Amino acid sequence: MSEVIVTKDLTKKYGDFVAVDHLNLIVHKGEVFGLLGPNGAGKTTTILMILGLTEPTSGSIRVLGFDPTRQPLTVKAHVGYLPDQVGFYDELTAYENLIYIAKLNGLPREEADRRIESALQKVNLVEMRDKAVSTFSRGMRQRLGVAEILIKQPQIIIMDEPTQGLDPEGAREFLEIIRTLRAEGITILLSSHLLHQVQAVCDRVGLFHRGKMMLVGTVDELGRKVLGKAFRIYVETPNTTPEIIEALKQVPEAVNVRALNTTTIEVEATSDIRHEVAKTLITAGGQLRGLSMEAQSLDEIYAQYFQEVEHVRA
Amino acid sequence: MSALERAEIQRLREGSPWTGLWAVVAKEMADHLTSARMRILELLILLTAGGTVYVAMQQIRASIGSDRFIYLKLFTLSQDPLPSLIGFLGFLVPLIAIALGFDAVNGEFNRKTLSRILAQPIYRDALLSGKFLAGLFTLALVFSAIWLLIFGMGLIGLGVAPNSEEVGRLLWFLLATIFYGGIWLVLAQMFSVVFRQPATAALAAIATWLFFTVFWNILASLLAQSLRPIQYGFLQEALAQAELELALTRISPNTLYAEIAIALLNPTVRSLGFVLPFQLEGAILGTPLPLHQSVLLIWPHLTGLIAATILLFALAYVLFQRQEIRA
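Residues numbered from 1 in each chain as written. Chains lettered and ligands numbered in written order. Predicted model: local features only at pLDDT ≥ 70, side-chain atom pairs only at ≥ 80, totals over all residues. Heavy atoms only, no water.

Chain B carries the name ABC transporter permease in an unreviewed UniProt entry, which gives Thermanaerothrix daxensis as its organism.

Going by what an unreviewed UniProt entry lists, chain A is known as ABC transporter ATP-binding protein and is assigned to Thermanaerothrix daxensis.

Written as structure tokens, this is what we have:
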């Protein structure tokens, strides 16, 4: 089975307020899927419905082929959940917190101990095993949260804003953990509004707005859809002239050309056209000193998209 | 999908609601028994039990040999300024029970552990029932320990072993005390579902207790006077009014518990209501009732306490099941 999470016309209403509006989401096995969107866009509600912690108003969900509202125990046994604010019993040690979860999952003691050891190793907390959680930093708590999820050896992990509030080093470590999990074949669904981090780990992203998923795809695809261009090429040449810029504008697939300063020209394009740019520059009599390209950043896509949405609404 | 089909499907729930119950009970009990809160309460109850029983023993020694039920006297005798042990229990039991329950659910919520726990393969039922059972077991454990301690003090201090009648009565009284605690425990837990702040929940539970302790009797008497006024001064009118007042005061768990204590610990008490002189014809006043007769006397009270506990638990359960777990 390649589709592990499927929602059909999933809707959740709180009174008149529509938190999630006819959501159709498909997450494939083994991918890292990012839910993006401003606060209140319905990301957390969607996650809670997938876990069976909130009942949908209408529509259907299948997680690994099970319905979370009717078979919540099976779903929760195979899905790990890291809430946006992960809390532990502060007065208990890391081990005591984990053994409680293991017992709730019905694991026998020896098996639980084995899994706890290996989980703590994976998140690099072995030496903190018998320390009270009250002494943990936010990053350590977050990693302990992952250890807790790993105890039940899940097929899917859902994380709500996993890197929020972490320092850069903590966030980097955490993203590394996500990559390790992905390499083990675990499907990961994460929500975030820290875009460059999403871009760093996600295979596909879905853009949420007012309970609807407006766009889905890889970051490059979204870039093409929203900005009409996904690549930005920087040409370094000592003698920028209007003629060269005109010539570059004639290149097919070049969307926007402008001189950043006297020595750099920026070309935005829908595909990788470095070769054509170089050829055109030289044909137009320019000297090529350097040529570099960067992919579109998710930040820009996001900002541009929501700017447009707000503009249309106004 | 038709409404009927939907209802059919919703009735079928996968797995057992008891999954994980004992894990919750074990964890919660361990928390209760090691918490600083519990230590303070244990110290408090130990002091009062020790103090009142010591005072009672002083009095019993002066009149030893004249009473068949000296162990019961350990609970009921008082000497100014100290009230008797049952007097203390009347407010210590609610205090301990409320202390065990007021942050049961909102505490999890505030520590952000609730969503993490509920994401485990258990139903919400297990969490709430587990917390209630853990509280009730803790109460049972603490009170049983106190009871045994009092027996021990009695053995050493009085040098007389309790007779089976006394042991039986005190065991029934222990059961009543645990369920009296159960009511306040489940009330506090219900408030912990309703209020997000543990302090608010604690205050609400204490306010309820205060209401029943202080104001309910006054209110019951006012209500009885206005609903069954004495217009012509007949005996029936006075009786009707007094009976209504008694019925109203018995809504309060405090009254129920106090009456249970009276009937169980004073074997000579033959009725908890009104007795007219002609009803006492042929009775030998001052002779004790056998245990089973006293138990019959408090049976409605005991079942009332247990029923109220179950009703409040059901209410807390419904509220908790419907609660959104996100902030």
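Asks: Which residues make up the overall build of chain B, and what values do they have?
Replies: Of regular secondary structure, chain B possesses 13 helices and zero strands. For chain B, the α and β elements follow one another from N to C terminus as α-α-α-α-α-α-α-α-α-α-α-α-α. By principal-axis analysis of the C-alpha atoms, chain B measures approximately 70 × 60 × 35 Å. The 327 residues of chain B split such that 47% are buried. Nonlocal contacts in chain B, meaning residues at least 24 apart in sequence, comprise 79% of its contacts between residues at least 6 apart. Approximately 15,700 Å² of chain B is accessible, and the part contributed by carbon and sulfur atoms is 69%. For chain B, the centre of its 21 positive side-chain charges and the centre of its 19 negative side-chain charges are spaced 8 Å apart. (Helix = DSSP H or I, 4+ residues; strand = E, 2+ residues; numbered from the N terminus. Buried < 20%, exposed > 50% of the residue type's maximum accessible area, 1.4 Å probe, protein only. Contact = heavy atoms within 4.5 Å. Areas by Shrake-Rupley, 256 points an atom, 1.4 Å probe, with all protein chains shown as cover. Lys, Arg positive; Asp, Glu negative; His and termini not counted. Charge placed at Lys NZ, Arg CZ, Asp CG, Glu CD.)

Asks: Residue-level account of the pattern of salt bridges, with values.
Replies: Residues and elements named next belong to chain A. Enumeration according to the criterion identifies 28 salt bridges over all chains in this entry. For R179, the salt bridge identified is with E176, shortest N-O distance 3.3 Å. You can see R179 and its partner E176 sitting in helix α6 (residues 168–183), three residues apart, about one turn around the helix. Classification of E176 as partly exposed rests on a relative accessible area of 38%. Here R182 makes a salt bridge to D203, at a shortest N to O gap of 3.0 Å. Of this pair, R182 sits in helix α6 while D203 is found in the loop between α7 (195–201) and β8 (204–209), placing the two residues 21 residues apart along the sequence. Residue classification places D203 among the partly exposed positions, given a relative accessible area of 25%. (Salt bridge = Lys/Arg side-chain N within 4 Å of Asp/Glu carboxyl O.)

Asks: Provide a residue-level description of helix α9 (residues 242–249) of chain A, including the pertinent values.
Replies: All names here are of chain A. For α9, every residue scored as buried is listed here: I244, I245, A247 and L248. Around the axis of α9, the buried residues are gathered within 160° of arc, so they sit on the same side. Away from its buried face, by an angle of more than 90 degrees, α9 presents the exposed residues P242 and E243. Contact partners of the buried residues in α9: β11 (254–259), β12 (264–269) and α10 (274–283). (Arc of directions from axis to C-beta.)

Asks: Break down the packing of aromatic side chains for me, with residues and values.
Replies: Residues and elements named next belong to chain B. If you walk through the whole model with that rule in mind, you get 17 aromatic pairs over all chains. Between F132 and F313 the ring centres are 5.1 Å apart and the planes differ by 40°, which places this aromatic pair in the tilted class. Of the two residues, F132 is situated in helix α8 (residues 124–158) and F313 in helix α13 (residues 291–322); the sequence distance between them amounts to 181 residues. The pair F132 / F313 is uniform in exposure class, with both members buried. (Phe/Tyr/Trp six-rings, centres within 6.5 Å; stacked < 30°, edge-to-face > 60°.)

Asks: Break down the interface of chain B and chain A for me, with residues and values.
Replies: In this assembly, 30 residues from chain B lie in contact with 32 residues from chain A. At the boundary of chain B with chain A, total buried surface from both sides reaches about 2,900 Å², with 56% on carbon and sulfur atoms. At the boundary of chain B with chain A, the tally comes to three salt bridges. Linking chain B with chain A are 11 residue pairs in polar contact (both at pLDDT 80 or more), by the criterion used here. Those elements that place two or more of their residues in the side of chain B that touches chain A are α1 (3–11), α2 (21–34), α7 (114–118) and α8 of chain B. (Buried area = accessible area lost by both parts, 1.4 Å probe. Polar contact = N/O pair within 3.5 Å; in protein donor to acceptor, adjacent residues only side chain to side chain.)

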